[in-house]
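Coordinate analysis (summary)
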Amino acid sequence: ALKEAAAPQFRNYAQQIVKNSGALSGELTKFDFVLIGGGSQNHMVWIDLTNKGVDGWTVAWACEAAGIICNRQTIPFDKKPPYYPSGLRLGTPALTTRGMKEKEMVLIAGWLNDVVEHLQKASLWDVGNKNKEKYQLARKGFKQKVFRDKYLLRIKRLVKNLCVQFPIFNG
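Criteria and thresholds
Residues numbered from 1 in each chain as written. Predicted model: local features only at pLDDT ≥ 70, side-chain atom pairs only at ≥ 80, totals over all residues. Heavy atoms only, no water. Helix = DSSP H or I, 4+ residues; strand = E, 2+ residues; numbered from the N terminus. Buried < 20%, exposed > 50% of the residue type's maximum accessible area, 1.4 Å probe, protein only. Core = buried A, V, L, I, M, F, W, Y, C linked by side-chain atoms within 4.5 Å. Contact = heavy atoms within 4.5 Å. Pairing = 2+ DSSP bridges. Phe/Tyr/Trp six-rings, centres within 6.5 Å; stacked < 30°, edge-to-face > 60°. Axes fitted to C-alpha atoms, helices over the stretch in contact; angles between N-to-C directions. Parallel < 35°, antiparallel > 145°, perpendicular 65-115°, else oblique. Left-handed = near helix turned anticlockwise from the far one by under 90°. Nonpolar A, V, L, I, M, F, W, Y, C, P; charged D, E, K, R; others polar.

Here Thr96 lies in helix H4 (residues 93-97). Under the relative-accessibility criterion, Thr96 is labelled buried at 7%.

One finds Leu28, Ile47, Val59, Leu88 and Leu90 to be the most contacted residues of the largest nonpolar core, which totals 39 residues. When residues of this core are traced back to their parent elements, those giving at least two are helix H2 (8-30), strand E2 (44-48), helix H3 (56-65), strand E4 (87-91), helix H5 (102-121), helix H6 (132-146) and helix H7 (150-165). Sorting elements by how many residues they give to this core places H5 first, with eight residues. Beyond its immediate chain neighbours, meaning those up to four positions away, Leu28 contacts Phe33, Leu35, Val45, Ile47, Leu90, Ala109 and Leu112.

Strands sit in the order E1-E2-E4-E3 across an open sheet of four strands; the sheet is antiparallel. The open sheet has two edge strands, strand E1 (34-35) and strand E3 (71-73), and neither has a second partner. As defined by bridge partners, E1 adjoins E2 across two bridges and the pair is classed as antiparallel. Across the sheet, residue Val34 finds its bridge partner in E2, namely Asp48.

This part covers the side chain of Thr92. Residue placement: Thr92 occurs in the loop between E4 and H4. Apart from the residues lying within four places of it in its own chain, the contact partners of Thr92 are Ile17, Asn20, Ser21, Leu24, His43 and Met105.

Before going further, it helps to spend a moment on the packing of aromatic side chains. In the structure shown here, the tally under the stated rule is six aromatic pairs. Aromatic side chains Phe10 and Tyr13 sit 5.7 Å apart centroid to centroid with 50 degrees between the ring planes, which places their arrangement in the tilted category. Pair noted here: Phe10 and Tyr13 are both in helix H2, with a separation of three residues, about one helical turn. Exposure remark for Tyr13: the relative accessible area of 26% places this residue in the partly exposed category.

For the rest of this paragraph, the subject is the packing of H3 against H6. Here H3 crosses H6 at 20 degrees, and the two axes come no closer than 9 Å. Judged on the interaxial angle alone, H6 and H3 are roughly parallel. Both H3 and H6 take part in a crossing whose hand is right-handed. Taking contact as the criterion, the partners of Trp57, Thr58, Trp61, Ala62 and Ala65 in H3 are, on H6, Arg139, Phe142, Lys143 and Val146. A class-by-class count of the residues in the contact of H3 with H6 yields six nonpolar, one polar and two charged.

Below is the structure:
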């Protein structure tokens, strides 16, 4: 690992990771996403979804259904519980390893915005209900419904078409 990290190619790779993260951050702010720290200085983008009216758990599952993998994440002074936090975390190393650059980060930011806007319009039934049983049933129902959602499946096809252009293994 140290030999690989010492190679000039690794420096270029690390710089591209940061460029991609900056491009993704910049695009997301154009869609009014609030970024913790105001942007990214490394490989990670950390989003506060409070202004979007959706939580990190919901967005993470919807993104997974759309072929975009990210993590729910607590934010500073989060009013929501850690399992259903207000934040979302994205990383660019895996995308960079596939050969993606800033142009692809623009597409990904757009798809992420599409997912969030779709969730804002969707009926989340009793998600947020004070009755714990109804609340849990609503979350379970959401997970079942989201993987059959035609809009999210359309985004998944677009994501897959992009990924085919950037295979994981080139050998």
